[in-house]
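# Overview (structure and organization)
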Amino acid sequence: MSTRTRPRAHPDDDTTTYREALRAGLRDALASDDRVFLMGEDVGRYGGCFGVSLGLLEEFGPDRVRDTPLSESAFVGAGIGAALAGMRPVVEIMTVNFSLLALDQILNNAATLRHMSGGQLGVPLVIRMTTGAGRQLAAQHSHSLEGWYAHVPGLRVLAPATVDDARHMLSAALADPDPVMFFEHGSLYNAAGTLDPAIHQVDLDRAAVRREGTDVTVVAYGGCVSKALEAAEELAGEGISAEVVDLRTLRPLDDATFVGSVRRTHRAVVVDEGWRSGSLSAEIESRICEQAFFELDAPVERVCSAEVPIPYARRLEEAALPQPAGIVAAARRVGS
Amino acid sequence: MATAHGGTSAGPPKAKRPRRAHGPTTPSRTPAATHDLDLLRQMLLIRRFEERCVELYSAAAIRGFVHLYIGEEAVAVGVHQALDERDAVVSTYREHGHALARGIPPEAVMAEMYGKTTGCSHGRGGSMHLFDADRRFYGGNAIVGGGLPLAAGLALADRLRGESRVTCCFFGDGAFAEGEFHETANLAALWGLPVLFVCENNLYAMGTALAREHAQTDLAMRAASYGMAAWAVDGMDVHAVEKAARGAIESMRAGSGPHFLEMRTYRFRAHSMYDPDRYRPKDEVEGWKRHDPVTGLADGMRTAGVLDAAALDDLEHQVSAEIDHAVRAAEQAPEEPAEDLLLHVTGRPEEAEA
Ligand SMILES: Cc1ncc(C[n+]2csc(CCOP(=O)(O)OP(=O)(O)O)c2C)c(N)n1
Ligand SMILES: [Mg+2]
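All residue numbers here refer to positions counted from 1 along the written sequence of the relevant chain. Both sets of labels track the order of writing: A upward for chains, 1 upward for ligands. A pLDDT threshold of at least 70 governs which residues receive local features in this predicted model, and a stricter bar of 80 or more applies before side-chain atom pairs are shown or counted, although totals over entire chains, interfaces and linings include all residues. Only hydrogens and water are removed before side-chain values are computed, so all heavy atoms of the structure are retained for them.

Any two residues whose heavy atoms approach within 4.5 Å are treated as being in contact. The interface is formed by 46 residues belonging to chain B together with 38 residues belonging to chain A. The term buried area denotes the loss of accessible surface (1.4 Å probe radius) that occurs when two parts are joined, taken as the sum for both partners. Between chain B and chain A, a total of about 3500 Å² is buried, with carbon and sulfur atoms accounting for 61% of that surface. Broken down residue by residue, the surface that chain B buries against chain A is led by Phe65(B), Met206(B) and Leu341(B), which jointly contribute 18%. The term salt bridge refers to a side-chain nitrogen of Lys or Arg lying within 4 Å of a carboxyl oxygen of Asp or Glu. For the salt bridge of Glu335(B) with Arg315(A), the shortest nitrogen-to-oxygen distance reads 3.1 Å. In protein, a polar contact means a hydrogen-donor-capable atom and an acceptor-capable atom, both N or O and within 3.5 Å, with residues adjacent in sequence counting only if both atoms are side-chain atoms; elsewhere, any N or O pair within 3.5 Å suffices. At the surface where chain B touches chain A, the tally comes to 12 residue pairs in polar contact (both at pLDDT 80 or more). Three residue categories are used. Nonpolar comprises Ala, Val, Leu, Ile, Met, Phe, Trp, Tyr, Cys and Pro, charged comprises Asp, Glu, Lys and Arg, and polar comprises the others, including Gly. Residues belonging to the side of chain B that touches chain A are distributed by class as follows: 21 nonpolar, 13 polar and 12 charged.

Have a look at this one:
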């Protein structure tokens, strides 16, 4: 596997790709704290299965950019152990699909050791991985399982959607005393944006309003944020003003930001690349209903992946995923 | 050199002599010559099929992750000589060769690459998920190591029913590092399950060389530690592969439990279409290409006087026509309408929900 593009020619020199922003964040972390090391399958010689860590082995050496065997449970568990011993490991799992081979370590150890030890132990570990569909990789390489991790107390779950978050979330994650799951959407690696020179650090506790609006709140995260923005643009053409909230952190959720937005717009559409049943979108919808029920002018709408393992065939894959047109239609249905 | 196979034989195998004495080409071929011609035809089909896939990928006719088997054809073809219809096969994402050697028609495999309804997985799987229940071909698994426990279960079912079938599981040297391999090897040996473990040791797991992922690179020796017969085979020599597989399966049918074959082979192409192949020296690749299993067999047959230029030409034409036909059929085959999206989720269609 692995999606890799050649270093792209930037339209102008100011833009950075999501991949480059992540790499800059990693480089910073490795350079500024010698407790930090990166390990995972093909992070070194190959340069990372999605090219994120390309060049870091040459820069920091094989002790700090460690290729591992295909042993997800062992190397994630080893990351947990090293974190217990005072290191600040960044563990890369190629994709969320393979994180299931390490699920036992993540849930039964990383997320619980602090509690089980009565607060004596902490696991300051960052586990990065790719998530999401859109590249015809079929049902074992396309799922969005970050919502499962967001179910688990003891974990923090991040979903950077912009180049600024890709650039700066890692250092904030490494400063967290607890395990952080870091989800990079596979369709974003080549997305380019301009880094805001004013941003040097980011707050992991706040969702962000990516576009202001007055008629409907569209809540999205990760790979769906750009789809929500695209939908908002189209809605604007119809005279509908959509506010787009990027969750950024999937656990703990920043209710105040999205519920606050709904209180202003009185309508909400929740977009989630996970399956609808038992999803993060269900959690968000229920928080909106719990906290702003009487402010709503219409039932909350959800745009999620169809309840099917993601198929290979292009037409079916497109039909299975949230798309801007579906978000637009949902926004119309809530009567905005 | 970090890239050598474990044990004593380092680097590409030595050039080999033809293993059998064949008579001159005559209209009535000896059974051995006929068999060799069939082996050659099967390997050529896989080789040319995948070369066509590269072209189609470049033309964006097929998508997703595509992993080529080019260079490893002798393993699939050799092992399949020893399997029959009642047996089961479990494979990986690098499975075009296994699928074709199993007898899945090239049309069905090609249509799957196109994501068409006539594909062997109805377009839902793509290159990495080829299935054919009738041929007992259980995928097409793209979770490294994911097929191994399935193979143990298939074999367990046969065991419980008293069937003399075997289950053959293909996997890589990288998969050998996964817990699932070690758990399955122990289980199969413990319960005496008829699993043929075929480890395709092509020296790399993506960009990670064998010696960078295994402290002990003699994989057959390690497999033997689980209490099963295990040995290494020259995976570039289809006759050696066939002989090893026949020996293992004969003994398994007689009830001797799992066997492990470490097939020492090499992939000539990058890991997948996305891989810029930066992690291995070019001369290493060139060195292995001199042991190309397809030209190796053809040369041997020529030396033995059972293959001439005309016969090889003939074969190439047949294979190419078969692939042309598969491509044409795939292009013309229908795409599944988006309304069908929710099919095949459960056995009860009325429960599928958007
Ligand atoms: C559990 C899991 N981890 C990682 C991957 C990504 N991946 C796909 S193929 C591969 C290399 C496997 O190497 P090997 O088992 O030697 O088989 P080969 O590709 O050489 O045939 C990797 C790391 C995966 N598909 N599944
Ligand atoms: Mg390999």
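What follows deals with the packing of helix α9 (residues 225–237) of chain A against helix α13 (residues 324–333) of chain A. Residues and elements named next belong to chain A. For helices, the fitted line uses only the C-alpha atoms of the stretch in contact; every axis is such a line through C-alpha atoms, and the angle between N-to-C directions lies from 0 to 180 degrees. In DSSP terms, a helix is any run of H or I states spanning at least four residues, a strand is any run of E spanning at least two, and both are numbered starting from the N terminus. Two numbers describe how α9 lies on α13: the axes approach to 8 Å, and their chain directions differ by 55°. The angle between α9 and α13 places the two elements in the oblique class. Relative to α13, α9 is oriented so that their crossing is right-handed. Together, Lys227, Ala228, Glu230, Ala231, Glu234 and Leu235 of α9 and Pro324, Ile327, Val328, Ala331 and Arg332 of α13 make up the contact between the two elements. Split into classes, the residues belonging to the contact of α9 with α13 amount to seven nonpolar, no polar and four charged. Any angle that falls under 35 degrees is termed roughly parallel, while one over 145 is termed roughly antiparallel, one within 65 to 115 roughly perpendicular, and all others oblique. Handedness of a crossing follows from how the near helix is turned relative to the far one, being left-handed for an anticlockwise turn of less than a right angle and right-handed for a clockwise one.

Our next topic: the UniProt feature "domain: Dehydrogenase E1 component" (unreviewed entry) in chain B. UniProt positions are given in the numbering used here, feature names are shortened, and annotations may be inferred rather than shown by experiment. Within this numbering scheme, the UniProt entry marks residues 42–338 of chain B as carrying the feature "domain: Dehydrogenase E1 component" (unreviewed entry). Its end C-alpha atoms 36 Å apart, residues 42–338 of chain B is made of 47% helix and 13% strand.

Quick look at the nonpolar core now. When a protein is soluble and globular, its nonpolar side chains tend to lie buried together. If you look at the biggest cluster of nonpolar residues, it comprises 193 residues, and the most contacted ones within it are Val79(B), Met110(B), Phe171(B) and Phe260(B). With 12 residues, helix α1 (residues 31–58) of chain B is the largest single contributor of residues to this core. Inspection of this core shows a minimum of three residues originating in each of domain 1 (15–194) and domain 2 (208–333) of chain A. By nonpolar core we mean a set of buried residues, namely Ala, Val, Leu, Ile, Met, Phe, Trp, Tyr and Cys, connected to one another through side-chain atoms within 4.5 Å. The classification of residues rests on relative accessible area computed with a 1.4 Å probe and restricted to protein chains. Under 20% of the type maximum is buried, over 50% is exposed, and intermediate values are partly exposed. With 22 residues, the next largest nonpolar core counts Leu235(A), Val271(A), Ala298(A) and Val303(A) among its residues. Start and end points for every domain follow an automatic or database-based domain assignment.

Residue and element names in this part refer to chain B. At a closest axis distance of 8 Å, the pairing of helix α4 (residues 106–113) and helix α12 (residues 309–332) adopts a crossing angle of 45°. By the angle between their axes, α4 is oblique relative to α12. Where α4 crosses over α12, the two elements pack in a sense that is right-handed. Here Pro106, Glu107, Met110 and Ala111 of α4 come into contact with α12, specifically with Glu322, Ile323, His325, Ala326, Val327 and Ala330. Counted by class, the contact of α4 with α12 contains seven nonpolar, one polar and two charged residues.

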